[in-house]
Amino acid sequence: MVEPILKVEHLRIEFDTRRGILVAVDDVSFDILPGEVFGIVGESGAGKSLTGQSIIGLLEPPGRIGAGEIYLKGRRIDQLPYHQMRRIRGKKIGMIFQDPLTSLNPLYTIGKQLTETILTHTEMRPDEARRHATDLLDEVGIPAAGKRIDHYPHQFSGGMRQRVVIALALCVKPSLIIADEPTTALDVSIQAQIIALLKRLCAEHDTAVILITHDMGVIAEISDRVAVMYAGRLVEVGNVRDVVKNPKHPYSLGLMGSIPSLHHQAEELTQIEGAMPRLMEIPPGCPFNPRCPHAFDRCRRQRPDLLDTEPTRAACWLYDHEEKHGQ
Amino acid sequence: MKSVVRIQNSLHRFFDGDIWYSFKKSKVTIIAACVTAVFMLAAIAAPLIAPHTPFDPATLDLMDASTPPAWYEDGTAKFLLGTDDQGRDIFSTILYGSRISIFVGFASMVLAMTIGITLGLISGYIGGAVEAVIMRIADVQISFPAILTAMLIYGVAFSLLPNERHEDLVVWVLVLAIGLSNWVNFARTVRGSTLVEKNKEYVQAARVIGRRPTTIMFRHILPNVMGPVLVIATIGLAIAILTEATLSFLGVGVPPTKPSLGTLIRIGQDFLFAGEWWIVIFPGIALASLVLAVNLLGDWMRDALNPKLR
Amino acid sequence: MIALIIRRIFQSFIVMLTVALVAFTLFRYVGDPVSQMVGQETSIADMERMREELGLNDPVIVQFARFAWNTLQGKFGISYRLGRPVNELFVERLPATLELSLIAALFSIVVGIPMGVYTGLYPDRVLSKVFQAISLIGISLPTFLIGILLILYFGVILGWLPTFGRGEVVQLGWWSTGLLTVSGLKAIIMPAFTLGMFQLTLIMRLVRSEMMEVLRTDYIKFARARGLTNRAVNFGHALKNTLVPVITITGLQIGSIIAFAIITETVFQWPGMGLLFLQAIQFADIPVMSTYLILIAFFFVVINLIVDILYHVVDPRLRFDKAVAAG
């Protein structure tokens, strides 16, 4: 058994608002194995980004971690003071954001932004750092890297900028990258290239990736495993093939059914009635129960944990074996 | 009956909403609002509550001149805050003076708002050459400090008016001068909002129905751009009051016969060295408190109405 | 870049022309120049002759051209109030105003920017709240009141600083400076503080709000996510991005300081241009009024031009053409 490099256990993220404490992420647990690509998929507002931010310690107030633990290679990191967490950021855990244009400081050359990061975390000399940066730009596919290292962000196109961002995130070789909607802001034609690049680089450097997105197609492309989030809960986890081909949770079922496929005919795309509840309106029991075609009494009363539903795990009472007899 | 119910509903919605909540939560803003209200009321009610009538020369007695405030040994309870060199009771003069200051401030702000909103709506909605001309003028004007523009208008107006009419018209000239120098912010903001609203569906719908452009501008678009306008209006009120005080202090505002707060301070400065500080300090405190209160209100309003911070 | 400069110079020229037109209209048509210049007993015939001699009956275009030409040569006419050539008056008074304005501007920048940075970075600390309170008072207390209070305390009560005037001045060519004598330095302290106070408040608020905006951007988040030190993030990235717009706006403010000097000069009886202008307004001394207008407009236009060019030099986004590389 390989030791996971990241363990998230019973993570709970809360917000203090004038209407009371709002729970945005509720009892989420998962492990990340070294080098794997782990997708977290769900609608906007499901809590995916918050989960990612809390792992790297960039959760913004009034949000805070209310409960749970996060372990990086066995070391607990969710309660580290700022200056210790800073050393982990970039070096052990990296993060890339959605919009490559706003992710780069417009007043500095990309070379400066690269070398600055390298020099912060390593003992290299400035000229070594610059050479390393140029090699990185080459690796991510920036042509004429030697010249373009002295260019400013606005001199690059969107796709090129995201490559620069990826280079920045990988430059001191973290073992885990959190990618929060890395392709959403890009043209469809570029998305595939960036995704392929991400996959290749992470495989080469043995870097694990947490890929946060609402785009199931992207997940299906490169993830090894995937977790489906709904209203701040994990509703299903498993290998990507299993979850896509044979989803067990009614929500995952609806999600997979709504993806148009080139491979077989479908009469119409599945639509799930209703909408994901807002944070202050989450119903008791299973959060999906108002929209679920299979909901029964227990679903409205009691919240399910992830149950074993070979080959995946799903949080749904339909799969509680004792219950099955009673049905 | 229906309109009463509608008003009740609007009031309910208002008091339930975020804005009232944020107002209640900020003690500072509540105090500021109270102070402003007190000033406004006191100024309006000046003839009723002032112990003396400092603007009526018949009631003044030079023997009373330069009396210190009541808590000094040569002060008297009759003149609570002392008197100036003409024998005018400082407290009453502050009341009457605030009246002038607030009136000029308010009227000029309304003038600036009217001009600014109208020009803003027109340039935003009609666009083209009209917009270009209006915005050019705005650009040139805003690169000069408003005080200078106000002083210029004042100077020109008075060169054109006969000397005898100066005193009666001074307040109106000031309203005109300050109003004309402060319209640009209103115009720019309203133009920006108009450009955004212009493309929205309710405007397209009104056009399709065949509404006249003026109707569309004033009855449809205007209510939707009032938010930022209110913020600018409040801060503009503070600026207008300050501008009037400054102009009066400089001697190009309200004359000493019927002084505003600024004029009083001007008079008082000469007596500082004689140790008669009350002629400067009390009007100064009054002016500063009023402007501070209005500024705080404006600050709160800007934060409360800012969609980005909600 | 060159094209830009030429375009801006051309625009400035148009502005100056407009201002000259306004000044000319004032000069010629507000009040009657001739009756201002002569005594009560001058006959109508004599006044008519003067009008001819002065060219007041020529076509408007000719008069304006003459006016413009005279202005360029520095011939601004004769003051109605003082009977002396206007340009002499201004040469005498200009140094006083400029020295005062420059010291005040320096003061507001050197103190205002650090205050703004501090309150932007640490908005919840006690010192920040103190600074905020000071800024509120600075905006609400009219400049003249601040001046008077200073005079009252430091001049009348404590007797440390002179309550009016410029102190001893040293003549350097046509420039007179008060900065080389002790009494001159003492005399400039309160006026410079008074004049600079309002600007300081504006700068502080501006820097604070820019700083807070910048700290919320994605590139700052990304910089933190890369594990850059607090110092690098706050002062390397945030500060630089904050100062770029601030420096340009501040430059523009210098022009308005020169105009606001009117108030300070009145309070402290400082023998500058502002006081001259004020007295001109009170006496309807049109030549002085219109000259002041033209001079101020000139300063503004030159400052605007410099600031504009500076902005283009400092912000790389405006400097380079967008070189777009393929996807």
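Here's a quick rundown of the structure.

About the criteria used
- The numbering scheme is per chain: residues are counted from 1 as the chain's sequence reads.
- To label them, take the chains in the order written and letter them from A, then take the ligands in the order written and number them from 1.
- Per-residue local features of the predicted model are confined to residues with pLDDT of at least 70, and side-chain atom pairs are confined, for both listing and counting, to 80 or more; whole-chain, interface and lining totals are unaffected and use all residues.
- Per the convention used, a helix needs a DSSP run of H or I reaching at least four residues, while a strand needs a run of E reaching at least two, with both numbered from the N terminus.
- Residues with at least 20 neighbouring C-beta atoms inside 10 Å of their own are called buried, those with 12 or fewer are called exposed, and the rest are partly exposed, where every C-beta is derived from the backbone.
- For every residue pair, C-beta atoms are placed from the backbone, and the pair is scored as a contact if these atoms sit within 7 Å.
- Pairing between two strands requires that DSSP report at least two bridges joining them.
- The axes are straight lines fitted to the C-alpha atoms, using for helices just the contacting stretch, and the angles between their N-to-C directions are given from 0 to 180°.
- Crossing handedness follows the turn of the near helix against the far one: under a right angle anticlockwise gives a left-handed crossing, and clockwise gives a right-handed one.
- Only Asp, Glu, Lys and Arg are considered charged in this grouping, and only Ala, Val, Leu, Ile, Met, Phe, Trp, Tyr, Cys and Pro are considered nonpolar; every other residue, Gly among them, is considered polar.
- In this description, a nonpolar core means buried residues of the types Ala, Val, Leu, Ile, Met, Phe, Trp, Tyr and Cys, linked to one another by C-beta atoms lying within 7 Å.

### Describing the overall build of chain B
When helices and strands are counted, chain B shows 14 helices and 0 strands. In chain B, the succession of helices and strands from N to C terminus is α-α-α-α-α-α-α-α-α-α-α-α-α-α. Considered along the principal axes of its C-alpha atoms, chain B spans approximately 75 × 50 × 35 Å. Burial statistics for chain B: of 310 residues in total, 45% are counted as buried. Taking the intrachain contacts of chain B between residues at least 6 apart in sequence as the baseline, contacts between residues at least 24 apart amount to 69%.

### Quick look at the sheet that holds strand E8 (residues 208–213) of chain A
Residue and element names in this part refer to chain A. The 8 strands are arranged E6-E7-E8-E3-E9-E10-E12-E11 in an open sheet whose pairing can be described as mixed. In this open sheet, the two strands that pair with only one neighbour each are strand E6 (93–96) and strand E11 (307–309). Adjacent strand axes in the sheet meet at a mean angle of 20 degrees when their direction is disregarded. Pairing geometry for strand E9 (residues 225–230) and strand E10 (residues 233–239), over 6 bridges, is antiparallel. Of the residues in E10, the one forming a bridge with Val-226 is Gly-238. Along the sheet, helix H1 (residues 48–56) makes contact with strand E3 (37–41), E6, strand E7 (176–180), E8 and E9, crossing E7 at roughly 150 degrees. Those strands touched by helix H11 (residues 250–257) are E9 and E10, and its axis lies near 110 degrees from that of E9.

### Observations concerning unusual backbone geometry
Residues and elements named next belong to chain A. In this structure, the amide linkage connecting Pro-61 to the following residue, Pro-62, adopts the cis form with an omega of 10 degrees. Looking at the secondary structure, you find Pro-62 in the loop between H1 and strand E4 (63–72). In this structure, Asp-27 takes a positive phi of about 55 degrees despite not being glycine. With respect to the helices, strands and loops of the structure, Asp-27 is situated in strand E2 (residues 20–32). Of note in this structure, Lys-73 is not a glycine but carries a positive phi near 50 degrees.

### Observations regarding the packing of helix H12 (residues 226–250) of chain B against helix H13 (residues 261–271) of chain B
Each pair of packed helices gets described by two things: the angle between the helix axes and the distance between those axes. All names here are of chain B. Put simply, H12 and H13 touch, their axes get as near as 7 Å, and they point 35 degrees apart. Crossing hand, H12 versus H13: right-handed. Residues Glu-244, Ala-245, Thr-246, Leu-247, Ser-248 and Phe-249 of H12 touch H13, and the partners they reach there are Leu-261, Gly-262, Thr-263, Ile-265 and Arg-266. Residue composition of the contact of H12 with H13, by class: 5 nonpolar, 4 polar and 2 charged.

### Brief notes about the environment of Pro-283 of chain A
All names here are of chain A. With respect to the helices, strands and loops of the structure, Pro-283 is situated in the loop between H11 and helix H12 (297–301). By the C-beta count within 10 Å, which is 15 here, Pro-283 ends up partly exposed. Through-space distance from the C-alpha of Pro-283 to that of Arg-300 is 7.8 Å; in sequence the pair is 17 residues apart. In this structure Pro-283 touches Pro-277, Asn-289 and Pro-290, once residues within four positions along its chain are discounted.

### Things to note about the interface of chain C and chain B
Residue-level contacts link 29 residues of chain C with 29 residues of chain B. Of all elements in the fold, only helix H1 (2–29), helix H6 (126–140), helix H7 (143–157), helix H10 (230–268), helix H11 (273–282) and helix H12 (286–314) of chain C reach the threshold of two or more residues within the side of chain C that touches chain B. Broken down by class, the residue content of the side of chain C that touches chain B amounts to 22 nonpolar, 7 polar and no charged.

### So, the nonpolar core
Counting 254 residues, the largest nonpolar core has Ala-167 and Val-209 of chain A together with Phe-277 of chain C as its most contacted members. Residue contributions to this core peak at 17 residues, all from helix H14 (residues 278–304) of chain B. Those residues in contact with Ala-167 of chain A, other than ones at most four positions away along the chain, are Leu-114, Leu-136, Leu-137 and Val-140 of chain A.

### Some details on the pairing of E10 of chain A
All names here are of chain A. Most of E10 is tucked away: 6 of the 7 residues are buried. Hairpin connection of E9 to E10: 2 residues between the antiparallel strands, including Ala-231 at a positive phi of 50 degrees. Across 2 bridges, the pairing between E10 and strand E12 (residues 312–314) is antiparallel. Counterpart to Val-237 in the pairing with E12 is Arg-313.

### So, the interface of chain A and chain C
Across the contact, 32 residues belong to chain A and 24 residues belong to chain C. Of all elements in the fold, only helix H2 (82–88), E6, helix H3 (100–103), helix H4 (110–121), helix H7 (158–170) and helix H8 (188–205) of chain A reach the threshold of two or more residues within the side of chain A that touches chain C. Tallying contributions element by element places H4 of chain A first for the side of chain A that touches chain C, with 4 residues.

### Thoughts on the environment of Ile-78 of chain C
All names here are of chain C. With respect to the helices, strands and loops of the structure, Ile-78 is situated in the loop between helix H4 (60–73) and helix H5 (86–121). With 20 C-beta atoms packed within 10 Å, Ile-78 lands in the buried category. Distance from Ile-78 to Val-288, taken between C-alpha atoms, is 8.1 Å for residues 210 residues apart in sequence. What Ile-78 contacts, discounting residues up to four positions off in sequence, is Gly-83, Arg-84, Pro-85, Val-86 and Pro-287.

### Brief notes about H11 of chain A
By the burial criterion, the buried members of H11 of chain A are Pro-250, Tyr-251, Ser-252 and Leu-255 of chain A. Looking at the packing, one finds that the buried side of H11 of chain A touches helix H9 (216–222), E9, E10 and helix H10 (240–245) of chain A.

### Quick look at the environment of Asp-168 of chain B
Residue and element names in this part refer to chain B. Here Asp-168 is to be found in helix H8 (residues 166–181). Given 9 C-beta atoms within 10 Å, Asp-168 falls into the exposed group. Sequence separation of Asp-168 and Phe-218 is 50 residues, and the distance between their C-alpha atoms is 35 Å.

### Overview of the arrangement of the chains
No other pair among the 2 pairs of chains in contact exceeds the contact count of chains A and C. Chain B makes no contact with chain A, the minimum C-alpha separation between the two being 10 Å.

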